[in-house]
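Observations on the model geometry
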Amino acid sequence: PGEVHAVLLALMDSRSSALAVAALRAARSLGWAPPIERLLAITDAVHPDARAAAAATLDASDPRAEAKLAALLENNERPVVLAAIESLGRAAGVGAVLALLPLSQGRLGAADVRKAAATAIAKIQERNPGTSGQLALSEEGAESGQVSLAPSRGTVAIADKKQS
């Protein structure tokens, strides 16, 4: 495995995006996670196929990966966005729901993106029982508590305003 991993890493560093994509897909199919630093660097690659393949390979349970994947949701290339959504759904924490929510509501416009985001949110909620319905977004212009997590399903979290 060490030699195979070394070859895959060398291919990921190739100037050829096709070779980098093939190496990333091979690593994923082998169940091997390349070093996160390498994957994070590839998500900034010029070619969208390489960015999408790296996003698909990232393990969103790592906070650095989750943050990068959430940022990739703002990308203009649909394959990159879909790969980021898939990875977030596979392993991200409940905090990723906030980044996925606008996509599930159709602000991007593509039906496949809406469906993927809704599926990812459902997977995150399945992994975190009891969190469905706990995320609340404050109204525009609120002074504090822009996002809050209610103590239990169906309850409301109320922020106290400080007296001046």
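Everything here concerns the structure above.
The shown structure was predicted, so the numbers you read here are calculated from the model rather than taken from an experiment.

1. Some points on the packing of helix 5 (residues 63–72) against helix 6 (residues 78–91)
At their nearest, the axes of helix 5 and helix 6 sit 8 Å apart, and the two run at 145° to each other. For the pair helix 5 and helix 6, the sense of crossing is left-handed. Every residue of helix 6 that contacts helix 5 at Glu-66, Leu-69, Ala-70 and Leu-72 is listed here: Val-80, Val-81, Ala-84, Ser-87 and Leu-88. Here the residues of the contact of helix 5 with helix 6 sort into 7 nonpolar, 1 polar and 1 charged.

2. Some thoughts on the side chain of Arg-51
One can find Arg-51 in helix 4 (residues 48–57). Reaching out from Arg-51, the side chain makes a polar contact with the side chain of Glu-77 at a distance of 2.6 Å. With residues up to four places along the chain from it excluded, the contact list for Arg-51 reads Ile-42, Thr-43, Asp-44, Ala-45, Val-46, Asn-75, Glu-77 and Val-80.

3. A short note on the environment of Ala-52
For Ala-52, the location among the structural elements is in helix 4. For Ala-52, a relative accessible area of 12% puts it in the buried group. Considered as a pair, Ala-52 and Val-21 are 31 residues apart in the sequence and their alpha carbons are 8.6 Å apart. Beyond its immediate stretch of four places on either side in the chain, Ala-52 contacts Pro-79, Val-80 and Ala-83.

Reading guide: rules and limits
- Residues numbered from 1 in each chain as written.
- Predicted model: local features only at pLDDT ≥ 70, side-chain atom pairs only at ≥ 80, totals over all residues.
- Heavy atoms only, no water.
- Axes fitted to C-alpha atoms, helices over the stretch in contact; angles between N-to-C directions.
- Helix = DSSP H or I, 4+ residues; strand = E, 2+ residues; numbered from the N terminus.
- Left-handed = near helix turned anticlockwise from the far one by under 90°.
- Contact = heavy atoms within 4.5 Å.
- Nonpolar A, V, L, I, M, F, W, Y, C, P; charged D, E, K, R; others polar.
- Polar contact = N/O pair within 3.5 Å; in protein donor to acceptor, adjacent residues only side chain to side chain.
- Buried < 20%, exposed > 50% of the residue type's maximum accessible area, 1.4 Å probe, protein only.

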